[in-house]
Structure formats: C-alpha cells, structure tokens
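Coordinate inspection notes
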Amino acid sequence: MVILGITGGIGSGKSRVLEHLSTFPETVILEADRLAHELMLPGTGLSERILDTFGDAVRNASGGIDRNALGAVVFSDPEKLDTLNRLVHPAVKDAIRERIREEREKGTKLFVLEAALLIQDGYKEICDEIWYIYADREIRLDRLVEYRGGDREKYQHVMENQPEDAYFEENCDRVLDNSHDFSLTRQKIDEEIPRLLLKFDIKSGIIL
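What you see is a predicted model; the values in this text were computed from it and never measured.

Within the protein chain, the regular secondary structure consists of nine helices and five strands. Over its C-alpha atoms the protein chain spans a radius of gyration of 18 Å, differing by no more than 12% from the 17 Å that the globule rule assigns to 208 residues. Taken over the C-alpha atoms alone, the protein chain extends approximately 55 × 45 × 30 Å along its principal axes. Long-range pairs, those at least 24 residues apart, make up 72% of the contacts in the protein chain with a sequence separation of at least 6. Taken as a whole, the protein chain presents about 11,600 Å² of accessible surface, with 48% of it coming from carbon and sulfur. In the protein chain, the 28 positive side-chain charges and the 40 negative ones have mean positions that sit 3 Å from each other.

The following block contains the structure:
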C-alpha cells in the first residue's frame, strides 16, 4: 500500500483533489481534521481528557465538547492551545496509524492522508510521498469569498499565519499547481498516480 500525503493552504482546492483521488480503484481517503472531530465526540477517551483539562467552560448542554467555546479558550492563550495540541495530535496520529494498519490488511492500494499541518505534525515519517496543492494567493482569496462567504481581509489574516509556499515546496515531493481550470489538475493527477504506484511496485488496475 502506498501512503500519499496531501497538504496545502486554505483555498488551494485540496477538497477537489481528494474528490478526484477517491475515484481511483482501491483508494481510501482520510482527512485528519475530520478524524480529530470524530475523536472528540462525547464518550471518547480524548473528549474526556479535554473536558477534564479545560473544565465546564467548554462543556455543552449534552455533556460533550462545545467546540466554539473551546476555540475561544485556546486561541486567545498560546499555552492553552499548546496544551490542547498535546492532547489531540498524539491521539489523531495513533488513530491514523491504526487506520493504515487496517487498510493495509484489507489490501488497499492507495491510502491518501490530508492534513493542513501534515509536515509540521511529523507525518513525513508516515507518508511515502507528499504533494503540495498550490494555488495563487489571489485565486485562493477569490475562491474563499465565493464559496465560504465573508470578506477577503479575514482570509488574508488566516493566510498570513500559514507557512509560505517555499516551506511547502522544500518539504514536499511534488507541487500540483491548482491555480487554473481543474481539468488541468485532474490531468496531472491522472499522470502522477500510476507513476506513484509503479514507484512502489503496486499494480494499480488503472488503464493507461
């Protein structure tokens, strides 16, 4: 099984890339952020540890985690954010490793892991190859305003707090330019996946 990491900044179009990758045979997509949300559902070990750490201020009416309240607590206090990260990140990584083990046993050929902090959180040791989904900054801003609403300044602020393109380029194996019509990105992906599988001697079942 080949493990492909996907990362990129906000508005770069990672979701469309994942949607296309999901069409390849025997492929599994795992988004780290969604997994983290699942691990924080009521009754999970991680949920209980977070509630024990931050108290009733982040507890909702049903006894679970109020994510908005938790965000308000940690994003205004770097130390508390670091505490939360030290609870969440190891739990997510353990769950990802377990999912990889399960999919490898099932005979899955391509396991795609998407995470905004793929490099920063040390997933390079897990992935066979990492792709950076790039898009021009102005195009990203246009997409975010169109599809998510809000104003450009809000998204500009988010981008300013994300690593520069050079950081991703230095730490990734491939850069996919998703600045233009997605048909061009799709074509590039269709070229790269057979190469990737061949690199690791995996029979893809894809007709070239």
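In this section: the confidence of the model for the protein chain. Per-residue confidence for the protein chain gives a mean pLDDT of 91, with 97% of residues at or over 70. Averaged over each element, pLDDT in the protein chain is lowest for helix 7 (residues 152–160) (88) and highest for strand 2 (residues 27–31) (98).

Turning next to the environment of arginine 49. Counting through the fold element by element, arginine 49 comes out in helix 3 (residues 45–54). Along the sequence, arginine 49 and lysine 199 sit 150 residues apart, while their C-alpha atoms lie 42 Å from each other. The residues touching arginine 49, leaving out its near neighbours within four places in the chain, are Leu87 and Ala91.

Right, let's get into the pattern of salt bridges. Applying the stated criterion to the full structure yields 16 salt bridges. Between glutamate 98 and arginine 101 there is a salt bridge whose closest N-O contact spans 2.5 Å. Within this pair, glutamate 98 and its partner arginine 101 are both found in helix 5 (residues 78–106), separated by three residues, close to a single helical turn. Arginine 101 gets classed as partly exposed once you look at its relative accessible area, which sits at 38%. A single salt-bridge network, built from bridges that share partners, covers Glu129, Arg174, Lys188, Glu192, Arg195 and Lys199.

What counts and what doesn't
Residues numbered from 1 in each chain as written. Predicted model: local features only at pLDDT ≥ 70, side-chain atom pairs only at ≥ 80, totals over all residues. Heavy atoms only, no water. Helix = DSSP H or I, 4+ residues; strand = E, 2+ residues; numbered from the N terminus. Rg over C-alpha atoms; globule rule 2.2 N^0.38 Å. Contact = heavy atoms within 4.5 Å. Areas by Shrake-Rupley, 256 points an atom, 1.4 Å probe, with all protein chains shown as cover. Lys, Arg positive; Asp, Glu negative; His and termini not counted. Charge placed at Lys NZ, Arg CZ, Asp CG, Glu CD. pLDDT = per-residue confidence, 0-100. Salt bridge = Lys/Arg side-chain N within 4 Å of Asp/Glu carboxyl O. Buried < 20%, exposed > 50% of the residue type's maximum accessible area, 1.4 Å probe, protein only.

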